[in-house]
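# Summary of the model geometry
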Amino acid sequence: MEKDPANLEYLRKQNVADLVDGAIQELVKEKPTDARPWLAEYFDYPPHGLARGVKKLEGWIQLGCGDKPYNCPEKEATFAPDGVSPAELPDLSQHNNFMTEFLREHKDVYAKLKDRKTPNGVTLAQCIKTGMDNKGHPHIKTVGLTAGDEESYEVFKELFDPIIDARHGGYGPEAKQPTDLDLSKVSTTDMDPDGKYVETTRVRTGRSLRGFKLPPTIGFEERRRLEALCVKGLANMGADLKGDYFPLHGSHSYSAKPNGMSEEKEKELRAMGNLFQEPDSTLLLASGMGRHWPDGRGVFHNDSKNLFVWVGEEDHLRIVSMQRDKNMKETFGRFVRACEEVQKVLKTEGSDFMHNDHLGWVLTCPSNLGTGLRAGTMVNLPLMSARSDWKDALKKMRLQARGTAGVDSASSGGKWDISNADRIGKSEVELVNMVIDGVAQLIKWEKLLEAGKTDDVDKAIAAM
């Protein structure tokens, strides 16, 4: 086709000029033996097909990455693929999650809610599908419930409220969630005066944008509009927050990078632990979070690479501030400023973050409501963590310990990721201070154990 200005203008107006150009660049780069089938596969893309990268995955994963709701007999994940709640509640005797536990005892609630829809058309079946399709593990209890949009928490409150209460160990429907991002109130305690125990500090949370469905039910074009607005807010950040956005490799949704990030960038982010990949669990696939993968998703990071924002994963935004030292206040401050800068742009565009006085920051999974915040520090505590009362001490301090590889992983040489156990009921500042003061105390006990003063630690923990 000749480069006729009218033709080029047509391609630009249709917003496909960059996509066509990107396809040609990839074609020339790969130089396949037969270009025609290669191009046909290249354009076989969501919502009408599957992305090239997805086709390399196992079939049961592919089923959740197209346009249709997850329906996989192989994984026994076949509940309500049409999004319509069946007339009768299925057998839940073999299930183990908060949602099915509640419905087993309250079948009347299912009958009451099964035909309801939110103003956006989200159904009860869509919210409970992940818990219905995944029976769970006898010793690992998941929530089994996701919100399809902000209104789900109100339209289906007879189900969400008791599950939120149970999951968070007591948070009733009349409870109020405090929100406090005032940096001046952050503890001045030095967690590690000797500078030899704390390696890193990190603060992360999610944010949802008002006016869009949440990831389990968001549509193809709606996700693209969401991505565009998120990137506009992130690109507005300056000074130490200034950075760039990298769509997932293979995504065609962002015109500035029509084929997504390069494979080299993908390897770099993966090596840093700051890249998310396609859903590889039926929990996520059944919820609907893998649809149209990888379109409309990506990673922003600032030039200093101590602020990362995931766009379009399990929440609209997942914001992570981190640094390789003990300065939690500085880490938290960067996180707060990033949230504020993005929120300014959202408000000028007629949107905002989802938030209310009861649930706090509204996110996809009820487990992350409230602050949704996890403030953590990687700290070396080989002697403390070897004690038989290690987990009991953490529980009393409202802290939790993860291994060096994340949730449910083992420690490496006594190194632990210590973070707040609570998400809801306390403010952001309260949770950050609990981590700062708690880790400072743990380090004091570690030093006493190093000095052979085991009795002093025994007495202190017993007195808690």
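Use the structure listed above.
Residues numbered from 1 in each chain as written. Predicted model: local features only at pLDDT ≥ 70, side-chain atom pairs only at ≥ 80, totals over all residues. Heavy atoms only, no water.

A word on the overall build of the chain. Within the chain, the regular secondary structure consists of 16 helices and 10 strands. Relative to the 2.2 N^0.38 estimate, which gives 23 Å for 464 residues, the radius of gyration of the chain is 24 Å and therefore close to what a compact globule would have. Expressed along its principal axes, the backbone C-alpha trace of the chain runs to roughly 85 × 55 × 45 Å. When each of the 464 residues of the chain is scored for burial, the buried share is 52%. Long-range pairs, those at least 24 residues apart, make up 70% of the contacts in the chain between residues at least 6 apart in sequence. When the 64 positive and 72 negative side-chain charges of the chain are each reduced to one mean point, those points stand 1 Å apart. (Helix = DSSP H or I, 4+ residues; strand = E, 2+ residues; numbered from the N terminus. Rg over C-alpha atoms; globule rule 2.2 N^0.38 Å. Buried < 20%, exposed > 50% of the residue type's maximum accessible area, 1.4 Å probe, protein only. Contact = heavy atoms within 4.5 Å. Lys, Arg positive; Asp, Glu negative; His and termini not counted. Charge placed at Lys NZ, Arg CZ, Asp CG, Glu CD.)

On to the layout of surface pockets, then. Estimates place the volume of the second largest pocket at around 750 Å³. The wall of the second largest pocket is formed by 29 residues, among which G53, H249, G250, E263 and E266 lie closest to the centre. Contributing elements (two or more residues each) for the lining of the second largest pocket: α2 (17-30) and α11 (263-272). Counting residues per element, the lining of the second largest pocket draws most heavily on α11, at four residues. (1 Å grid on protein atoms, 1.4 Å probe; cavity = no way out; pocket = protein on both sides within 12 Å on 5 of 7 lines; lining within 4 Å. Points joined across faces, edges and corners; volume = space filled by probe spheres on them.)

Scanning the model with the defined rule gives 31 salt bridges in all. Residue K135 pairs with E76 through a salt bridge whose shortest N-O separation is 3.9 Å. Of this pair, K135 sits in the loop between α7 (124-133) and α8 (152-155) while E76 is found in the loop between α4 (59-62) and α5 (98-105), placing the two residues 59 residues apart along the sequence. The shortest N-O distance in the salt bridge between E199 and K415 comes to 3.2 Å. Of this pair, E199 sits in strand β1 (residues 198-207) while K415 sits in strand β10 (residues 415-420), and the two are 216 residues apart along the sequence. The exposure class assigned to E199 is partly exposed, which follows from its relative accessible area of 34%. Several salt bridges converge on common partners, so that one network encompasses K112, R116 and E158. (Salt bridge = Lys/Arg side-chain N within 4 Å of Asp/Glu carboxyl O.)

Time to look at the packing of α5 against helix α9 (residues 157-167). For the pair α5 and α9, interaxial distance at closest approach is 10 Å and the crossing angle is 120°. Here α9 runs oblique to α5, going by the angle between their axes. Between α5 and α9 lies a crossing of right-handed hand. Along the contact surface, α5 presents F98, M99, F102 and L103, while α9 presents E158, L159, P162, I163, A166 and R167. Considering only residue class, the contact of α5 with α9 consists of eight nonpolar, no polar and two charged. (Axes fitted to C-alpha atoms, helices over the stretch in contact; angles between N-to-C directions. Parallel < 35°, antiparallel > 145°, perpendicular 65-115°, else oblique. Left-handed = near helix turned anticlockwise from the far one by under 90°. Nonpolar A, V, L, I, M, F, W, Y, C, P; charged D, E, K, R; others polar.)

Here the focus is the nonpolar core. L209, L317, F332, M384, I418 and L442 are the most contacted members of the largest nonpolar core, which has 58 residues in total. With 11 residues, helix α15 (residues 428-450) is the largest single contributor of residues to this core. Not counting the four nearest positions on each side in its chain, L317 is found in contact with T205, G206, R207, L209, C230, V309, W310, V311, V342 and F353. Grouped together as the second largest cluster of nonpolar side chains are 34 residues, L113, F156, L159 and L214 included. (Core = buried A, V, L, I, M, F, W, Y, C linked by side-chain atoms within 4.5 Å.)

The subject of this paragraph is helix α13 (residues 328-348). Helix length check: α13, at 21 residues, gives a terminal C-alpha distance of 31 Å against a target of 30 Å (1.5 Å per residue), a fit within 8%. Immediately beyond the C-terminal end of α13, within one or two residues, lies G350, with a positive phi of roughly 80°. (Expected span 1.5 Å × (residues − 1).)

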